[in-house]
Amino acid sequence: MSSVLRGLRVVSRLWLLVLVIAAWEIATRAWKDDFFPPPSKIVKALHTMWFSGPAGQFFLTDKAIEDFKPSFTNLFSGWAIAAVLGVVLGVLIGRSQLLGDVLDPVLQFGRSVPPPTIIPFLLALLDLGSPLSITTIAFGVIWPVLLNTADGVRSVDRLQLETARVFGVSGWLRLRRVILPSASPKIFAGLRVSLGFALILMVISELIGAVGGIGKHLTTAQQTFQMADMWAGIVLLGILGCMFNLIFMLVERRVLAWHSGVRRNDA
Amino acid sequence: MTRRGTRFVRGAAGIAGAVVIAELATRFGPFDPDDVPPASTVLLRAVELAGDGEFLPEVAGTIRAWLGGLLLATLASVTLGLVLSLTPWLNNAARVVVEFLRPIPALALIPLAIVSFSSVTQSKMSLVFWAASWPILINTLYALRDVDPVAKETLRSFGFGKAAVLLRVSLPSAAPFAATGVRIAASVGLVVVVSTELFAGAGEGVGGFLMESQSGGGRPDLMLAGAVWAGVLGVIANALLVALERRTFRWHTAQTLEAA
């Protein structure tokens, strides 16, 4: 009985997705527009291009390795740089009201500059490829980490700080044992936002000035009118976005397991 | 001095300090002055651009596509949010579809938009629409789910119909959070507009202007001045939306706490 109920619940969740995909398939088949290939074709292109490799390479094709490697390296390098700088600066700014007041307008402005606008300037300054992508990503995604860290550090419970002082806990130990743990939910929230944003900036930096990567694949496919390949790239980026978010959530839940129990509504 | 006054003075000092440091770094730093112009030159260019007959129409084009897309996304997402929250059987299934579509980065759709629409303005607006819809829709759905059930029941027990409950309780109490979604969508939308212009070229909008100053030798001072203006646009838009939220939802208790 319960399995029947569970089955019904799954159906009640998934019917629309199935319907949408079916409608998409039928419409694109009937319409026969070259720009809009049917989803079955897109999935096939996705599979043959990237995921039909030998088992030894985790089923990735050579093209997949060639496309994913630069993209992922840039994405995670830029994100890591932004994460480290953002947390360090955020802690400094959060601890000092003077520094926070002085830097607030500058940071608000820096945050508001759409990161892609600096790409044309960087094109003249840096080599195409990794240096350009990493700089764009690091500049663009540092803001959520920095501002969230500063906010989290600023709102550390006063009682905890004073308790630490009573017990003579200060300096580095206080930072590591009191301030950072208490700010960690906000830091993680910032890191998650910036990871999603890093994926977006990876795409645009590769669309404009790249020698390789998934963004380059998209432009090549568009310019050579390989529409199924282009759509496959879009779907792939959607899957990646979903996956990153999921993995990050799992890590976050693990790292912050102690926290959500203490303060349920803080994250 | 009041807290506000102190903050203002300190902030002004911060801006002045940042400009001075940037100026010193660019004048005496290790960069080639042809690649990295002094900060004062960039600011001068930015001021000149404000009266430039070629730059201003491009800014207007960018703003038009940005606001147009944002407005359409707001209308569509809030309506869809209302419809979904009224029909739980549809809402349940729609959430899965949303979770599949939302992670697709709007910028990955740029090549698709360019081949499907004939004009760059159309591409820009539809991409802003796509990118802006998700934060607004998600915020609207969350807010509508959290509407105080007692308030709804109260109205219902006084004999009000479904439409009245929606109009008098659900919509007003969800509006502040939905507005926060619009603010998030606005900053994402600006990134999308400028990126599309950068990629689509054809010299359209702020992004097109930047790309044109980049090609043919390159004018780094103009490029950075353009980026400064894009940042100013972002600051103004955010400030306007925050002010609008404060004004419109002054009655709302959650407004006293700064929403994310």
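Residues numbered from 1 in each chain as written. Chains lettered and ligands numbered in written order. Predicted model: local features only at pLDDT ≥ 70, side-chain atom pairs only at ≥ 80, totals over all residues.

Enquirer: Which residues make up the overall build of chain B, and what values go with them?
Expert: Regarding its fold elements, chain B presents 10 helices and 0 strands. Written out in order from the N terminus, the α and β elements of chain B read α-α-α-α-α-α-α-α-α-α. Taken across its 260 residues, chain B has 39% of its residues classed as buried. The long-range share in chain B, meaning contacts at least 24 apart out of those at least 6 apart in sequence, stands at 70%. (Helix = DSSP H or I, 4+ residues; strand = E, 2+ residues; numbered from the N terminus. Buried ≥ 20, exposed ≤ 12 C-beta atoms within 10 Å, placed from the backbone. Contact = placed C-beta atoms within 7 Å.)

Enquirer: I'd like a description of the overall build of chain A, backed by residues and values.
Expert: Looking only at helices and strands, one finds 11 helices and 0 strands in chain A. When the elements of chain A are put in sequence order from the N terminus, they spell out α-α-α-α-α-α-α-α-α-α-α. C-alpha atoms of chain A, sized along the principal axes, occupy 75 × 65 × 40 Å. Expressed as a percentage of the 267 residues in chain A, the buried residues total 37%. Sequence-distant contacts in chain A: of pairs separated by 6 or more residues, those separated by 24 or more amount to 70%.

Enquirer: Talk me through unusual backbone geometry; I want residue IDs and the actual numbers.
Expert: All names here are of chain A. At K32, a residue that is not glycine, the phi angle is positive and equals roughly 55°. Along the chain, the position of K32 falls in the loop between α1 (2-31) and α2 (39-50). Using a count of 9 C-beta atoms within 10 Å as the deciding quantity, one classes K32 as exposed. A positive phi angle is found at F225, which is not glycine, with a value near 55°. Relative to the elements of secondary structure, F225 occurs in the loop between α9 (214-223) and α10 (227-255).

Enquirer: Hey, could you go over the interface of chain B and chain A for me, with residue numbers and the actual values?
Expert: Tallying the contact residues gives 49 residues for chain B and 47 residues for chain A. Elements supplying a minimum of two residues to the side of chain B that touches chain A: α1 (3-28), α4 (88-101), α5 (110-116), α8 (162-200), α9 (205-214) and α10 (220-248) of chain B. Of all the elements, α10 of chain B adds the most residues to the side of chain B that touches chain A, at 10 residues. Residues that form the side of chain B that touches chain A fall into these classes: 33 nonpolar, 13 polar and 3 charged. (Nonpolar A, V, L, I, M, F, W, Y, C, P; charged D, E, K, R; others polar.)

Enquirer: Got a sec to walk through the packing of helix α3 (residues 62-95) of chain A against helix α8 (residues 171-209) of chain A? Specific residues and values, please.
Expert: Residue and element names in this part refer to chain A. Viewed as axis vectors pointing N to C, α3 and α8 meet at an angle of 140°, and their least axial separation amounts to 9 Å. Taken together, the axes of α3 and α8 are oblique relative to one another. In this structure, the crossing between α3 and α8 has a hand that is right-handed. Between α3 and α8, the residues in contact are S71, N74, L75, G78, W79, A82, A83 and V87 and I187, L191, S194, L195, A198, L199, M202 and E206, respectively. The class makeup of the residues in the contact of α3 with α8 is 11 nonpolar, 4 polar and 1 charged. (Axes fitted to C-alpha atoms, helices over the stretch in contact; angles between N-to-C directions. Parallel < 35°, antiparallel > 145°, perpendicular 65-115°, else oblique. Left-handed = near helix turned anticlockwise from the far one by under 90°.)

Enquirer: Mind laying out the packing of α8 of chain A against α9 of chain A, listing which residues take part and the relevant values?
Expert: Packed helices, taken two at a time, are described by the angle between their axes plus the distance between the axes. Residue and element names in this part refer to chain A. The contact between α8 and α9 brings their axes to 7 Å, and the two run at 50°. Considering their axes alone, α8 and α9 lie oblique with respect to each other. Considering the relative orientation of α8 and α9, their crossing is right-handed. Contact residues: M202, V203, E206 and L207 in α8; I214, G215, K216, L218 and T219 in α9.

Enquirer: Which residues make up the environment of L250 of chain A, and what values go with them?
Expert: Position of L250 of chain A among the secondary structure elements: in helix α10. Exposure remark for L250 of chain A: the 10 C-beta atoms within 10 Å place this residue in the exposed category.

Enquirer: Kindly report on the environment of S40 of chain A, identifying the contributing residues and their values.
Expert: If you trace the backbone, S40 of chain A turns up in helix α2. Separated by 188 residues in the primary sequence, S40 of chain A and A228 of chain A have C-alpha atoms spaced 9.8 Å apart.

Enquirer: Report on α8 of chain A, specifying residues and quantitative values.
Expert: Note: α-helices contain 3.6 residues per turn, so residues at a spacing of three or four share the same orientation. The terminal C-alpha atoms of α8 of chain A lie 44 Å apart, and with 39 residues this falls more than 12% below the ideal 57 Å at 1.5 Å per residue. Most pronounced at S184 of chain A, the bend in α8 of chain A amounts to some 55°, and the proline P185 of chain A follows within four residues. (Expected span 1.5 Å × (residues − 1). Bend = angle between axes of the 7 residues up to and from the residue.)

Enquirer: So what's going on with the nonpolar core? Residues and values would help.
Expert: The tendency in soluble globular proteins is for nonpolar side chains to be buried as a group. Among the nonpolar cores identified, the biggest contains 119 residues, and I137, V141, A198 and V203 of chain A together with L109, L127 and V128 of chain B are the most heavily contacted of them. By residue number, the principal contributor to this core is α8 of chain A, which donates 15 residues. Look past the residues within four positions of I137 of chain A in its chain and what remains in contact with it is N74, L75, G78, W79, A198, L201, M202 and S205 of chain A. (Core = buried A, V, L, I, M, F, W, Y, C linked by C-beta atoms within 7 Å.)

Enquirer: Hey, could you go over the confidence of the model for chain A for me, with residue numbers and the actual values?
Expert: Residues and elements named next belong to chain A. Residues of chain A with pLDDT of at least 70 account for 96%, and the chain-wide mean is 86. No element of chain A has a lower mean pLDDT than helix α11 (residues 257-262), which averages 65, and none a higher one than α3, which averages 92. In the predicted structure, residues 261-267 sits below a pLDDT of 50 and forms 4 contacts with residues beyond four places in sequence or in another chain. (pLDDT = per-residue confidence, 0-100.)

Enquirer: Quick one: what's the story with the confidence of the model for chain B, residue by residue and with numbers?
Expert: All names here are of chain B. For chain B, per-residue confidence averages 85 on the pLDDT scale, and 95% of positions sit at 70 or higher. pLDDT under 50 marks residues 255-260. Its contacts with residues more than four places away, or in other chains, come to 6 contacts. Taken together, the chains of this predicted complex give a pTM of 0.84 and an interface ipTM of 0.80.

Enquirer: Describe the environment of L107 of chain B, listing the residues and the values that go with them.
Expert: Residue position: L107 of chain B is located in the loop between α4 and α5. When the C-alpha positions of L107 of chain B and T121 of chain B are compared, they lie 15 Å apart, and in sequence the two are 14 residues distant.

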